[in-house]
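Architecture at a glance
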Amino acid sequence: MSAPRFRPPETYVHGLEGPSVVVPARVAAWLERYAGLRDLRTAHRGADAEVDAVLVALALAAQMWRQRTGVSSDQGTDQRNQPDQGPCCDLSTTEAADRLNMTDRGVRAAIARGSLTAHRDGDRWRVAPEDLEHYRAGRAA
């Protein structure tokens, strides 16, 4: 029997006085990027002190994960003093393949399956560094 690919949900639940969920920093970054956690935190600020604290903790964990992995994020930075980064920071499928130790064809297949998020830039696929790290972590799990 093979080991499960991902940890079962109950491994994230802890606590003696009441259940708490431990959220990995990479998952917090994913939630910020794809589930609108930043907007949620801003829209409901002050409604519940504990909710505020947890949402801020998730943002902090996401930021720490991005720093540790070298993934940049424009959230929370003053873009007026930053050079326009745009698509130049995104990776080609060849660059992504090099970083993942796989073939360019494998990267394109992952994009086609929807397991690696990418966007079109003309006739080429581009992969954001953060999306690449999420894909890498998902493969490793």
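Reference entry: report on the structure contained in this document. Position numbers for residues start from 1 in each chain and track the written sequence from start to end. Owing to the predicted nature of the model, reporting of local features is limited to residues with pLDDT of at least 70; listing and counting of side-chain atom pairs is limited to 80 or more, with chain, interface and lining totals taken over all residues. Values shown for side chains rest on all heavy atoms present in the structure; no hydrogens or waters enter the calculation.

Side note on the overall build of the protein
By definition, any uninterrupted DSSP run of H or I lasting at least four residues is a helix, any uninterrupted run of E lasting at least two residues is a strand, and each is numbered from the N terminus. Regarding its fold elements, the protein presents 6 helices and 5 strands. Listing each helix as α and each strand as β along the protein from the N terminus yields β-β-α-α-α-β-α-α-β-β-α. Counting across all 141 residues of the protein, residues that qualify as buried make up 26%. Only the protein chains shown count as covering a residue, and every accessible area follows the Shrake-Rupley method with a 1.4 Å probe. With the model as given, the accessible surface of the protein reaches about 9,900 Å², and the carbon-plus-sulfur share is 53%. Classification of residues uses two cut-offs on accessible area relative to the type maximum, computed with a 1.4 Å probe and protein chains only: under 20% is buried, over 50% is exposed, and between them is partly exposed.

Quick notes on the nonpolar core
Definition used in this section: a nonpolar core is a set of buried Ala, Val, Leu, Ile, Met, Phe, Trp, Tyr and Cys residues joined via side-chain atoms within 4.5 Å. Core analysis: the largest hydrophobic core is formed by 11 residues, namely Leu91, Ala96, Ala97, Leu100, Val107, Ala110, Ile111, Leu116, Val127, Leu132 and Tyr135. Every element with two or more residues in this core is listed here: helix 4 (93–100), helix 5 (104–113) and helix 6 (129–140). Two residues qualify as a contact provided that any one of their heavy atoms is within 4.5 Å of a heavy atom in the partner residue. Apart from residues no more than four positions distant in its own chain, Leu100 is found in contact with Val107, Leu132, Tyr135, Arg136 and Arg139. Among the nonpolar cores identified, the runner-up in size contains 8 residues, and Ala28, Leu55, Ala61 and Ala62 belong to it.

Remarks on the environment of Glu10
On the secondary structure map, Glu10 appears in the segment before strand 1 (13–14). According to the relative accessible area criterion, Glu10 is exposed, its value standing at 57%.

Details of the environment of Val13
Turning to its location among the elements, Val13 is positioned in strand 1. A sequence separation of 10 residues divides Val13 from Val23, and the C-alpha atoms of the two residues are 9.3 Å apart. With sequence-adjacent residues up to four places away left out, Val13 is seen in contact with Pro19, Ser20 and Val21.

What about a nonpolar patch on the surface?
Where nonpolar side chains cluster on the molecular surface, the patch consists of Val13, Val21 and Val23 and spans about 230 Å² of accessible area. For Val23, the location among the structural elements is in the loop between strand 2 (20–21) and helix 1 (25–34). Classification of Val23 as partly exposed rests on a relative accessible area of 30%. Any residue with relative accessible area above 30% and no salt bridge may belong to a patch, with like charges joined within 9 Å and the nonpolar Val, Leu, Ile, Met, Phe, Trp and Tyr side chains within 5 Å. Put simply, a salt bridge is a Lys or Arg side-chain nitrogen that is within 4 Å of an Asp or Glu carboxyl oxygen.

Let's talk about helix 6
For helix 6, built from 12 residues, the straight-helix expectation of 16 Å at 1.5 Å per residue is met to within 8% by its first-to-last C-alpha distance of 17 Å. The complete set of buried residues in helix 6 reads Glu130, Asp131, Leu132, Glu133, His134, Tyr135 and Gly138. To estimate how far a helix should extend, the number of its residues minus one is multiplied by 1.5 Å.

A look at the pattern of salt bridges
By the definition in use, this model includes 7 salt bridges. Between Glu130 and Arg66 there is a salt bridge; the shortest N-O distance is 3.2 Å. With Glu130 in helix 6 and Arg66 in helix 3 (residues 49–69), the pair connects residues that are 64 residues apart, well separated along the chain. Both residues of the pair, Glu130 and Arg66, belong to the buried class. Between Asp104 and Arg108 there is a salt bridge, with its nearest N and O atoms 2.1 Å apart.

Brief notes about the packing of helix 3 against helix 6
To define axes, lines are fitted to C-alpha atoms, for helices over the stretch in contact only, and angles between the resulting N-to-C directions are given on a 0 to 180 degree scale. It is at 11 Å that the axes of helix 3 and helix 6 come closest, and there the two elements cross at 90 degrees. By the criterion of interaxial angle, the relationship of helix 3 to helix 6 is roughly perpendicular. In contact with Trp65, Arg66 and Thr69 of helix 3, helix 6 contributes Glu130, Glu133 and His134. In this count, Pro and Cys sit with the nonpolar residues alongside Ala, Val, Leu, Ile, Met, Phe, Trp and Tyr, while Asp, Glu, Lys and Arg are called charged and the others, Gly among them, polar. Taken together, the residues that form the contact of helix 3 with helix 6 break down as 1 nonpolar, 2 polar and 3 charged. Convention used here: angles under 35 degrees read as roughly parallel, angles over 145 as roughly antiparallel, angles from 65 to 115 as roughly perpendicular, and any remaining angle as oblique.

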